[in-house]
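So you can see what is in the structure, the chains are spelled out below.
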Amino acid sequence: MPTRILPAVGDADAVRSITTLLSQLPDAEPMAPVTDSTQLIDALARLAAESIDELPEVVVVHERIGPVPALELIREVALRFPAVGVILVTSDASPGLFQAAMDYGARGLIALPLGYEELAIRVQAVAQWSVGVRRHLGAGGDVFTGVGGTVVTVSGAKGGVGATLTSIQLALAAQASGRSTALVDMDLQTGDIASFLDVQFRRSVVDLATITDISPRVLADAVFRHDTGLALLLAPGEGERGEEVTDRAARQIVSALRSRYEIVVVDCGSQLSGAGAAAVEMADTALLVTTPDVVAVRGAKRTVRMWDRLQIRKAEETTVVVNRHSRGTEIQPPLIQKITGTAVAGTAIPANFKELQSAVDAGRVHELDNRSTVKQALWGLAGELGLVKGSESPGHRAGRLRNGDRSAIGFRRRRELGR
């Protein structure tokens, strides 16, 4: 059986060199190279969605792959696609880098300039390892395809537009449909999920910030199991501690949750932090909640442009949710779509705060009456987004696989966020 090898190389000259050598290897089947980390994750996700057997046995990652650093990319591949062996190609073959590469999940390291014999030996060894892992997974009957759960982020165009309520109801709808669901409060300074759900819990997302390898047991200790079945990862009680959650920590936390839950809903609030930006990058679906008024829509446009400037997310990959909508408002969803350049959710949330006030004041929004038009709209939105079991539309699925896992986008612009 030929060994399928996927090169991930950003440099044009290096692409030619590596693909030429790979094509000369016995029983090798080089795949079309990918030129950046996003393309690599997208390609692996598409293949894994079909079957674990469709994944390449070997991925060759060049040290100058971008935009994510090579080691972080290797960690992501190893976590998401454990049956794929990764080889790092680098000009630095020092013991320190070798150890780091192994710690991040690489199965081998090859020094530049490439030599045929060394490449052949390493590819053969990694391919054999990959085949053994797949045989073991297949025998276990529970094959992990690497796609993992769906991550949805909810951000506010400005404060008070309803991002937290939207996050909670989307998560409740997914959980009620039978999908294991985690709800994360990544609004680190002013997060209110605990108040909305009448929860008092001493652990928070900060407790995971300094842990480099988040095991299932560590994750379970940090998560609060709500009466509704939701797994809650809350914001810290002391807002200043939110600074301890870096963009790297956020990526690891979201990845760990994705590997354990079918649906992960992340409330990112209205203020952009490194951690929130990391979550938006990684999301399969990024929602931006606005109300149909001039100030909020301007805030939505400003946020979309900022995300684009910082290469966090493109406008066309963002979905705006219109909250407090009524037919009498001058600003309607089509106009918001034109102003922001984003997609707009087909489900608009009606303006009927009176239905919510008693539940919000009591901190019991999970007990909102099923007759509530706001709840019905938000649960309808969950169905539109494919979060409710059996409701995922073909169009949404295709879009999710096309956009891929945004954890493969780097944080080279964090200085612009003041971090």
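Residues numbered from 1 in each chain as written. Predicted model: local features only at pLDDT ≥ 70, side-chain atom pairs only at ≥ 80, totals over all residues. Heavy atoms only, no water.

**Student:** Sorry, what's going on with the confidence of the model for the protein here?
**Tutor:** Atom-level detail of predicted coordinates should not be read off regions where pLDDT is low. Summarising the model, the protein shows a mean pLDDT of 87, and 90% of its residues fall at 70 or more. For the protein, per-element mean pLDDT is lowest for helix α15 (residues 394-403), which scores 37, and highest for strand β11 (residues 285-290), which scores 98. Low pLDDT, under 50, characterises residues 139-147; the predicted model gives this stretch 21 contacts beyond four residues in sequence or across chains. (pLDDT = per-residue confidence, 0-100. Helix = DSSP H or I, 4+ residues; strand = E, 2+ residues; numbered from the N terminus. Contact = heavy atoms within 4.5 Å.)

**Student:** What should I look at first to understand the nonpolar core in this one?
**Tutor:** Nonpolar side chains in soluble globular proteins tend to end up buried together. In this structure, M186, L233, V245 and L257 are the most contacted members of the largest nonpolar core, which totals 48 residues. Residue contacts for L257: discarding those within four places in its chain leaves A182, V184, L219, L233 and V264. (Core = buried A, V, L, I, M, F, W, Y, C linked by side-chain atoms within 4.5 Å. Buried < 20%, exposed > 50% of the residue type's maximum accessible area, 1.4 Å probe, protein only.)

**Student:** Please explain the environment of G346 as it appears in this structure.
**Tutor:** Mapped onto the fold, G346 is located in the loop between β13 (343-344) and α13 (354-362). Sequence separation between G346 and G380 is 34 residues; the distance between their C-alpha atoms is 9.6 Å.

**Student:** Quick question: what am I supposed to make of the packing of helix α3 (residues 70-80) against helix α4 (residues 95-104) here?
**Tutor:** Between two packed helices, both the angle of their axes relative to each other and the distance between the axes serve to describe the pair. As a packed pair, α3 and α4 sit with axes 8 Å apart at the nearest point and diverge in direction by 30°. As far as their axial angle goes, α4 and α3 are roughly parallel. Contact with α3, carried on its side by L71, E72, I74, R75 and A78, involves L97, A100, A101 and Y104 of α4 and no other residues of that element. For the contact of α3 with α4, the class distribution of residues is seven nonpolar, no polar and two charged. (Axes fitted to C-alpha atoms, helices over the stretch in contact; angles between N-to-C directions. Parallel < 35°, antiparallel > 145°, perpendicular 65-115°, else oblique. Nonpolar A, V, L, I, M, F, W, Y, C, P; charged D, E, K, R; others polar.)

**Student:** What is the right way to read helix α10 (residues 274-282) from this model?
**Tutor:** Because an α-helix completes one turn every 3.6 residues, residues spaced three or four positions apart along the sequence face the same direction. Within α10, nine of the nine residues are buried, which leaves the element mostly enclosed by the surrounding structure. On its buried face, α10 is in contact with β6 (150-156), α9 (247-260), β10 (263-269), β11 and α11 (294-309).

**Student:** Just checking my understanding: could you explain the sheet that holds β10 for this structure?
**Tutor:** In any sheet, the strands associate via hydrogen bonds between backbone groups, in a parallel or an antiparallel arrangement. Read across the open sheet, the eight strands follow the order β8-β9-β7-β10-β6-β11-β12-β13; overall the sheet is mixed. At either margin of the open sheet sits one strand with a lone partner, and together these are β8 (224-225) and β13. Sheet analysis places β11 next to strand β12 (residues 318-322), joined by five bridges and oriented parallel. Opposite V289, over in β12, you have V321 as the bridge partner. Across the sheet, α10 is in contact with β6, β10 and β11; its angle to β10 comes to roughly 140°. (Pairing = 2+ DSSP bridges.)

**Student:** Please explain the side chain of T319 as it appears in this structure.
**Tutor:** Structurally, T319 can be placed in strand β12. Residues within four places of T319 in sequence aside, it is in contact with A286, L287, L288, A343, V344 and A345.

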